[in-house]
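# Descriptive analysis of the structure
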Amino acid sequence: MIGILASVIDGVLVGSVYGLAAMGLTLIWGVMNVINLAHGAIIVLGMFVLYLVATALGLPAYGAVPVMIIFGFAFGVALYWIAVHRMIGRPALMSLLATFAVNMVLIGLGTALWTTSPYNVPVAMPGATWQGYTFTGTHMMAAVLAALIAGLLYLLLYRTRIGKAIRAVANNREAAELSGIPTTQVLSLAFGLGVALAGVSGTLIATLFPFTVLSGEAYQLKSFVVTVLGGLGNPAGALMGGVALGLIEGLATPFMPVSWIPIVEFGLFVLCLIAFPHGIFALKRS
Amino acid sequence: MTALLSVIGLGKKFGGLQAVQGLDLTLNEGEILGLIGPNGAGKSTVFNLINGVFPPDAGRIVLEGKDITGEPPYRVARHGLARAHQIVQPLLGLSVLDNCTVGACFGRENLPLHRARDVAREVAESVGLGDRLDMLASSLTTAGKKRLELARALSARPRVLLLDEVLSGLNPTETEGMIRTVRRIRDGGVAILMIEHIMRAIMSLSDRIVVLNLGRKLAEGTPQEVASNPAVITAYLGEPQLMAAAENPG
Amino acid sequence: MWRRPFPWLIVGAALLYALVPYFTDDVQLRESLLLAAVYIILASNLNLMIGYAGYVNFGNIVFFGLGGYICLYLVNDFQWPLILAALLGGVAVSALALLFGLGILRLRGAFFALATIGVNAAIQQIVTNFEPWGGATGIYLALDAYGSLGGPMQALWTTYLLIVALTAASLLASYAIRNSKFGLGLIAIGQNEDAAAVLGVPTPLYKALIYSASAFLPAMAGGLYFFKSGIIEPTGAFNLQTSIEAIVMVMLGGSGTILGPTLGAFLYEELRGYLLIAEPFSHFQLVIAGTLLLIIVLFAPGGLLGFVHRLWPRTRRWLE
């Protein structure tokens, strides 16, 4: 019983990072109606930033977090102007293909640079023991950081003028434009934010588990499941959904082989989409 | 007077908002029924419920004796009800003729491709698009796109036509033309339920009018009756057009 | 349809395509033409989903792989004749697609796309664990399977001719659908699904039908291709990269047209062949494909044919 509780708590810790990743995805979707299929590649990017900072440069591992936030934001804004800007307002198919193309390029470059071998960044972090079960330090730290970043996002969105502009554009782009908000700039900022969130979640995941260039796919799928659970365009729902998914994984892992988990998640994803198109958490709000 | 379309006790709730409640209305053969009301009264929602975009929470919709409540849009179209939207939705990559052919193919008559194309050509010409049949819908003017929206709905040769603000965005000459066209459509045997904000037009076109306010029916009757109804005037308080129509009925 | 010149052009080209290497007995030419033919089959059937109905089937390779497995299994374990086995593969896969399609086609846009990737991954996972189909090792075709076709050499020629026939069938099917009422409905869905529904197009049925139809010929082609290769295993059969390349080919040539996917398949094959010699890392292939796709989507979403149509509008009539 305690064992299950420990597993669940660990699941919640890891799940908060999933939630962070999903927040990036759902933010972009909510603000500009673009589903970023390069999401997984950006998570991988975050993972390798940790590797570069901690292993290649030998700097303290968690220093990679602010690095990724800043770099991710800049990268996201650049990506917006390169690939997404011209897709706004065009049929959804086009932005899908555009972001997917970016995904291909990034994964291709990543494979060329780092091949598909597994990488691992050992991070020293003291854990905590409770009732004979150890909670890994990195898991706890990741959850704390995820919560912190989520909190910062909340402050940004609800306590600053930029955040207000972003929410206005998300709500009604035309009306925002008419009130004098430079919508294109706002869109690029929002995209940058979404990418930064995705990237930093990758950095945090890399402190928890080993990874390869191809790991992004599985986390992208998790992000989609979480986004759908929480309701598209709903960052708070994304965080809750992430924790929920972590919980489910915590409960399921002892009972099934690892390679089947993505398939179960995919099944959950399709089921949720068909049964709850507005997200499970969104149901409660109405 | 045979009732072509009957709506009984229609209700729809979105989240906490009761958009439509307890609505009864009847559209008779050969009739133009106007649906008016202040913004947010629920008029477009009524249209969406009738043609199947959302299923209603309560009530029934009967078309030519068949219960079509909750049926998806394509089945409703097959039963003989067509709709021209307020925000036009042309199939941009297709020509004007192809747009109308879609209507003729998949509407009430379910025609094969060749016959559908002939019908589409006829209808497009009758609406004044005969000179632009091969143009891509994306290269039409706004007025042209509005006409296409109408032509496409008519190509299905429906029995009931839902017109959602077909006059918006037109200049006075175009408005006159469209009013004549709507009358001609009715004279051709299509019953029309129309939402319109241009009071003068809807007052002169409609045989009867239903007034909606906050999702409920506020009044019903001939244009004159409705225009002089104090409750209606109160609901529209400050609407110069309706006040003017009340002072100069007909 | 046979009263118009275009279908006859397709048949004529296919005959040339089939018979030139046959009569010159040029095995190298045959091999490269065979690969191109397979890509044309994949691309033109994918085009039915992308170009007509507007749904991107990222996991389209699953039809090819599954069809391959069914065919090889029937030939190897039950000594079925090739054509029958391939045919059953086609029928079985499109029946499955119809079933799946009714479910996942309720999803729009990216969700559908992701779902198709998921379907491919799921099927690959299931097949990898399915012992009767060789699990992770796959199926190795016994050499005597070629006996009924007159020995390995003759069998290779036969499969080539059959694949070219499937290619011609794909193009003819694209043409026939495009000029039919069904095709018009599909294109309406691709332009604006909600508007199409209001106009009376039975959207759920049509989408499921085209998804199923787009599975049939690739499944048969998979059967023939893997028969010729003599071996099928999960990673190669359900290779997502090939799936994606098919999308690039469709977009490159011009989605929604008949010739577009064919053009795209040829061009992309040329490009790839060139790159394989010029660059030893196969993963730059993905970078090139991705950049190409991005450029097309950003600047020339109509692909090559769309570009031609824009420059010379008259060509819209006959160059489809």
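This structure is a prediction, so every number in the text was calculated from the model and none was measured.

Further remarks concern the interface of chain C and chain A. Accessible area lost upon the coming together of the parts is a frequently used measure of interface size. At the junction of the two partners, chain C supplies 30 residues and chain A supplies 27 residues. Going through the elements one at a time, helix H5 (109-128), helix H11 (240-253) and helix H13 (283-299) of chain C are the ones with two or more residues in the side of chain C that touches chain A. Counting residues per element, the side of chain C that touches chain A draws most heavily on H13(C), which supplies eleven residues. Classifying every residue of the side of chain C that touches chain A by side-chain character gives 22 nonpolar, seven polar and one charged.

Turning our attention to the sheet that holds strand S8 (residues 191-195) of chain B. All names here are of chain B. An order of S6-S7-S8-S3-S9-S10 is seen for the six strands of this open sheet, with the pairing classed as mixed. Looking at which strands have only one partner, the edges of the open sheet turn out to be strand S6 (81-84) and strand S10 (216-221). Strand-to-strand, the axes of this sheet are offset by a mean angle of 20°, without reference to chain direction. Two strands pair when backbone bridges link them, and strand S3 (residues 32-36) and S8 are joined in this way by four bridges, in the parallel orientation. Paired with Leu-35 across the strands is Ile-195, a residue of S8. The strands that helix H1 (residues 43-50) touches are S3, S6, strand S7 (160-164), S8 and strand S9 (208-213); relative to S7, the one it contacts most, it runs at about 150°. Helix H5 (residues 142-155) contacts S6 and S7 of the sheet and is inclined by roughly 175° relative to S6.

This part is about the domain arrangement of chain B. Residues and elements named next belong to chain B. Domain assignment breaks chain B into domain 1 (1-80 + 160-250) and domain 2 (89-158). Taking only C-alpha atoms into account, the centre of domain 1 sits 24 Å from that of domain 2. The partner domain 2 presents 13 residues to the twelve residues of domain 1 that form the contact. Mapped onto the side of domain 1 that touches domain 2, the elements with two or more residues apiece are helix H2 (73-78), S7 and helix H6 (172-187).

Residue and element names in this part refer to chain A. It is at 10 Å that the axes of helix H6 (residues 161-171) and helix H8 (residues 183-208) come closest, and there the two elements cross at 100°. It follows from the interaxial angle that H6 and H8 lie roughly perpendicular. Note on element contacts: H8 touches H6 through Thr-183, Val-186, Leu-187, Leu-189 and Ala-190, opposite Ile-162, Ala-165, Ile-166 and Val-169.

Here the focus is the packing of helix H4 (residues 113-126) of chain B against H5(B). Residue and element names in this part refer to chain B. At a minimum axis distance of 9 Å, the contact between H4 and H5 shows a crossing angle of 140°. The orientation of H4 relative to H5 falls into the category oblique. Considering how the two elements wind past one another, H4 and H5 form a crossing that is right-handed. Across from Val-119, Ala-120, Val-123 and Ala-124 in H4, the residues of H5 making contact are Ala-151, Leu-154 and Ser-155.

What follows deals with H11(C). Owing to its 3.6 residues per turn, the α-helix brings residues three or four apart onto one side. Residues and elements named next belong to chain C. Compared with the 20 Å implied by 1.5 Å per residue over 14 residues, the 20 Å span of H11 between its first and last C-alpha is a close match. Among the 14 residues in H11, eleven count as buried, and that is most of the element. When H11 is considered as a whole, its buried residues turn out to be Ser-243, Ile-244, Glu-245, Ala-246, Ile-247, Val-248, Met-249, Val-250, Met-251, Leu-252 and Gly-253. Gly-254 lies just past H11 and shows a positive phi near 125°.

Residue and element names in this part refer to chain B. Across the sheet, four strands lie side by side as S2-S1-S4-S5; this open sheet has antiparallel pairing. Edge positions in the sheet fall to strand S2 (17-28) and strand S5 (66-67), since each of these pairs with one other strand and no more. As paired elements, strand S4 (residues 58-63) and S5 share two bridges and run antiparallel to each other. Residue pairing in the sheet places Val-62 in a bridge with Asp-67 of S5.

Counting residues at the interface gives 16 residues for chain C, matched by 22 residues for chain B. Those elements that place two or more of their residues in the side of chain C that touches chain B are helix H7 (181-191) and helix H8 (193-198) of chain C. When residues of the side of chain C that touches chain B are assigned to their parent elements, the largest contribution, six residues, is made by H7(C). Taken together, the residues that form the side of chain C that touches chain B break down as nine nonpolar, six polar and one charged.

On to helix H14 (residues 303-311) of chain C. Among all positions of H14(C), only Gly303(C), Leu305(C) and Gly306(C) are buried. Seen along its axis, H14(C) keeps its buried residues to an arc of 120°; they face one direction.

The next subject is the confidence of the model for chain B. Looking at chain B as a whole, its pLDDT mean stands at 89, while 94% of the residues score no less than 70. Two summary scores accompany this predicted model of the complex, namely pTM at 0.87 and ipTM at 0.89.

Below, the discussion takes up the nonpolar core. Core analysis: the biggest nonpolar cluster contains 295 residues, and Ala190(A), Ile163(C) and Leu293(C) have the highest contact counts within it. The two domains that each donate at least three residues to this core are domain 1 (1-80 + 160-250) and domain 2 (89-158) of chain B. Those residues in contact with Ala190(A) that sit more than four places away from it in its chain are Leu27(A), Ile28(A), Val31(A), Met32(A) and Ile166(A).

Residues and elements named next belong to chain A. By the element assignment, Ala-147 lies in helix H5 (residues 137-159). In this structure Ala-147 comes out as partly exposed when scored by C-beta crowding, with 15 C-beta atoms within 10 Å. Here the alpha-carbon distance between Ala-147 and Leu-239, two residues 92 residues apart in the chain, equals 8.9 Å.

Conventions and cut-offs
- Residues numbered from 1 in each chain as written.
- Chains lettered and ligands numbered in written order.
- Predicted model: local features only at pLDDT ≥ 70, side-chain atom pairs only at ≥ 80, totals over all residues.
- Contact = placed C-beta atoms within 7 Å.
- Helix = DSSP H or I, 4+ residues; strand = E, 2+ residues; numbered from the N terminus.
- Nonpolar A, V, L, I, M, F, W, Y, C, P; charged D, E, K, R; others polar.
- Pairing = 2+ DSSP bridges.
- Axes fitted to C-alpha atoms, helices over the stretch in contact; angles between N-to-C directions.
- Domains from an automatic or database assignment.
- Parallel < 35°, antiparallel > 145°, perpendicular 65-115°, else oblique.
- Left-handed = near helix turned anticlockwise from the far one by under 90°.
- Expected span 1.5 Å × (residues − 1).
- Buried ≥ 20, exposed ≤ 12 C-beta atoms within 10 Å, placed from the backbone.
- Arc of directions from axis to C-beta.
- pLDDT = per-residue confidence, 0-100.
- Core = buried A, V, L, I, M, F, W, Y, C linked by C-beta atoms within 7 Å.

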